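The lines below spell out each chain.
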Amino acid sequence: MKINKFFIAALAAFTFLTSCESDDEFMTTGEEQEEEIIDPDPVEEEEEEEPEEEEPAGAYTSGIFILNEGNFGAGNSTVSFLNAEMDNITNNIFAEVNADAVLGDTGQSIAFYEDHAFIVLNVSNTIEIVDRNTFESVATISEGLENPRYVAFANGNAYVTNWGDGSNAEDDYVAVIDMETYEITENIAVVEGPERIVENDGNLYVAHLGGYSFNDKVSVINAADNTVSETITVGDRPNSLEIEDDFLWISTGGLPSYAEAETAGKIVKIDLNSNEIVAEMEFANNTDHPGNLDIEDDMIYYTLGKNVYTFSEEATTLPESAFAEMAEVASLYGFEVEDGIIYAASANSDFTGNGDLYLYNTSDGSLLNSFEVGINPNGIYFND
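Procedures and definitions
- Residues numbered from 1 in each chain as written.
- Predicted model: local features only at pLDDT ≥ 70, side-chain atom pairs only at ≥ 80, totals over all residues.
- Heavy atoms only, no water.
- Helix = DSSP H or I, 4+ residues; strand = E, 2+ residues; numbered from the N terminus.
- Contact = heavy atoms within 4.5 Å.
- Areas by Shrake-Rupley, 256 points an atom, 1.4 Å probe, with all protein chains shown as cover.
- Salt bridge = Lys/Arg side-chain N within 4 Å of Asp/Glu carboxyl O.
- Buried < 20%, exposed > 50% of the residue type's maximum accessible area, 1.4 Å probe, protein only.
- Phe/Tyr/Trp six-rings, centres within 6.5 Å; stacked < 30°, edge-to-face > 60°.

**Section: the overall build of the protein chain**
Part 1 of the reasoning: When helices and strands are tallied, the protein chain shows one helix and 30 strands.
Part 2 of the reasoning: Considering only residue pairs separated by 6 or more positions, the protein chain has 42% of its internal contacts joining residues 24 or more positions apart.
Part 3 of the reasoning: In the form shown here, the protein chain has an accessible surface area of approximately 19,500 Å², with 42% of it arising from carbon and sulfur atoms.

Right, here's the structure in full:
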C-alpha cells in the first residue's frame, strides 16, 4: 500500500505530527520536510475466479422413464416420463423431442450408458440411442440384430441378447457392439432364449428364458475374451436377475400350465465369487409362477400374479402371505422398487389402450398415486 505524501511543518503552535500509516518518526528542523512512505511488500489484489458455468440440465435429467411396448406389429412404441417430484407425467417424449419421429415396433427394454439411453425395439430389430437428458436421437443400430431383448455393458462394449429365429434353437446369440462406432464386432453363440443380462466384475450373466420354447440356464460370459466360461442350471424359465453384495438373485417362473408338465418357480441365490448356488427356495405349488424380482434396502421383493411378497436377504424360506395386493393392476407388465416406493406398470384389460403406472408405499403397501401412460407399459427406468 502507498501513502502518497505527507507534509510535516515545524510550527511553534503545533505538536509533531506522525503518520498512523507508518512507524517512522518525523523530526522537524524548522524547514518543511516531506517523505514518501512506501510499503515494502505491496499486496496485489487477486482477481476473483469466475465460477464455472454448469451445463444446463435437460428436461429429462432427473425422473423416471416408462417404456410402453405398444402393440405387436403396429410400430407404436413410446416412452413416458414421470418427473422427479412425481406429480406430472409426459407421454410420447421421443416424438415430442424428435419432430414427431416414430420410435419403433415393440419396445423391449432400456439400458443406460454414460449420457445415453439405449432403447431396444424387438420387432423393429433396432436399438435407438438417445441422449438420456434431452431424449434427442443420437444414433440407430439397425443391422445385425434379430429379436433383440436386453443390454448390458462391459469393457467399452454393449452386449445385446438376441433370440434369433424363434423357431430355431441353434441360432441364439449375444451381439457385441463397439461403443465408439456402434457397430457389431462379433456374436457370441449361446443356448436358446437369452433374455435378461447383467454385468459384475467383468462377467456377464445371461438368463435363458427359452425364447419361443423353455430353458433353465444362466450363462456366464467372460468380457475379457467374449467366451462363455460357464453355464449354470437354475430352474425352469429364469425371468429376473439382480446383483446385491456379491450374490446373484434369480427368479425362475417355472413351466406354465400349457407345458407338458407344469412346474413351480423358485428363488435362487448364487455366490458370484464361485458361481455356485448357495440357496434355493422353491414355491409350494406347481401353479406358483413368480414373474418379477427386485432388491431394495436388503429386502427381496417378488410378485405372484398381482401380489407382492417380500423377505430379507438372510431368510431361508419364502413368506407365507402377500405383503401387498395390487388390486388396481389389470395386467402386471413392469415392476421396480426404489426409495420406499413400489412401481407397477399395468397394461389395460384388452392390451390395446393406454396403460397405467401405479405407485405403492413399501411401508404398508398402500396406493400412493397413479398415472396414465402409453400402450402396454413393460419397464420402469430411473434416470438419476
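The rest of the description comes next.
**A short note on the pattern of salt bridges**
Part 1 of the reasoning: Applying the stated rule across the entire model yields three salt bridges.
Part 2 of the reasoning: Notably, a salt bridge pairs Arg 149 with Glu 195, separated by 2.9 Å at the nearest N-O pair. Pair noted here: Arg 149 is in strand β10 (residues 148-154) and Glu 195 is in strand β14 (residues 194-200), with a separation of 46 residues, a long-range link. Here Arg 149 and Glu 195 have matching classes, each one buried.

**Topic: the packing of aromatic side chains**
Part 1 of the reasoning: Within this structure, the stated rule accounts for 17 aromatic pairs.
Part 2 of the reasoning: Here the aromatic rings of Tyr 302 and Tyr 309 are separated by 5.3 Å at their centres, their planes lie at 5 degrees, and the arrangement is stacked. Of the two residues examined, Tyr 302 and Tyr 309, each falls in the buried class.
Part 3 of the reasoning: Residues Tyr 333 and Phe 351 carry aromatic rings whose centres are separated by 6.0 Å and whose planes lie at 35 degrees to one another, so their mutual orientation is tilted. Placement of the pair is Tyr 333 in strand β26 (residues 331-338) and Phe 351 in the loop between β27 (341-347) and β28 (354-361), with a sequence separation of 18 residues.
Part 4 of the reasoning: Among the aromatic residues, those joined into a ring-pair cluster are Tyr 60, Phe 65, Phe 81, Phe 112 and Phe 135.

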